[in-house]
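As a plain string of letters, each chain reads:
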Amino acid sequence: KNYYLDHKDYYTLSRYGTYAEFGKRIERLGEYHKFASHSYQKAISSVNTFNAIIQINNKHFAEAASFAKKNINQKVATDGDYVILAKATMGMYNTEEKNMESLSLIQQARSMAETPNLNTDKQEILVLMRLKKLAKAATAIQNYIDNLTNFKEQTHDSEDIAWASAEINWASELLQRVTIL
């Protein structure tokens, strides 16, 4: 019910909507008991991550953050969940406090990752630029270019090579701009 109220879908809950008898159905169920099973949360953690990615792509940052936080709170998060939460936070806020929080999340993701993550690298660049830490941003950009070059050398897929080339061009231009500033 809260979902429909939060999304202002009042028609669904009206007497003509899909859930016209929703209140009665809830009453029949009785008191709400929160379902808490760590093994269940662990099993669906990849679904939460996938849903968070979908929400990020649709610019529904609060929902994406909610899915990522589920995994983090249940201690089943991957480095990707921390990057998603940082990206969602950056999508919702642009204050120094929230940008520092995003940087902290990115650093947490980096500490968890066993291999370089291009997503982590790019988000770190963006948050450092927001924080006006240009020297650190320049270092992060060069690191991103190096990781992209390594990725490009290792892949044989033409689409991946084209994407990596475009990203290298973007990062090189950004590095030039940061150097000027």
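For the structure itself, consult the block above.
As the structure is a computational prediction, the values presented were derived from the model and not from experiment.

Calculation notes
Residues numbered from 1 in each chain as written. Predicted model: local features only at pLDDT ≥ 70, side-chain atom pairs only at ≥ 80, totals over all residues. Heavy atoms only, no water. Helix = DSSP H or I, 4+ residues; strand = E, 2+ residues; numbered from the N terminus. Buried < 20%, exposed > 50% of the residue type's maximum accessible area, 1.4 Å probe, protein only. Areas by Shrake-Rupley, 256 points an atom, 1.4 Å probe, with all protein chains shown as cover. Phe/Tyr/Trp six-rings, centres within 6.5 Å; stacked < 30°, edge-to-face > 60°. Expected span 1.5 Å × (residues − 1). Contact = heavy atoms within 4.5 Å.

## Description of the overall build of the protein
Along its length, the protein carries eleven helices and zero strands. Tracing the protein from N to C terminus, the helices and strands come up as α-α-α-α-α-α-α-α-α-α-α. Expressed as a percentage of the 181 residues in the protein, the buried residues total 34%. Surface summary for the protein: the accessible area is close to 12100 Å², and the carbon and sulfur share equals 52%.

## Regarding unusual backbone geometry
Positive phi outside glycine occurs at Lys-75, with the angle close to 60 degrees. Along the chain, the position of Lys-75 falls in the loop between α6 (61-73) and α7 (79-92).

## Focus: the packing of aromatic side chains
All chains considered together, the criterion is met by two aromatic pairs. A centroid spacing of 6.3 Å and a plane angle of 85 degrees characterise the contact between Tyr-144 and Trp-170, whose relative ring orientation is edge-to-face. With a gap of 26 residues between them, Tyr-144 in helix α10 (residues 134-154) and Trp-170 in helix α11 (residues 158-180) connect regions that are remote in the sequence. Owing to a relative accessible area of 30%, Trp-170 belongs among the partly exposed residues under this scheme. Residues Phe-151 and Trp-163 carry aromatic rings whose centres are separated by 5.9 Å and whose planes lie at 90 degrees to one another, so their mutual orientation is edge-to-face. Residue Phe-151 is located in helix α10, and its partner Trp-163 is located in helix α11; the two are separated by twelve residues in the primary sequence. Residue Phe-151 is classed as partly exposed on the basis of its relative accessible area of 26%. When its relative accessible area of 37% is taken as the criterion, Trp-163 is described as partly exposed.

## Some details on α11
With 23 residues, α11 ought to run about 33 Å at 1.5 Å a step, and its terminal C-alpha atoms sit 33 Å apart, in line with that. Looking at the packing, one finds that the buried side of α11 touches α9 (118-130) and α10.

Interpretation note: all reported values are geometric properties and have no functional meaning in isolation.
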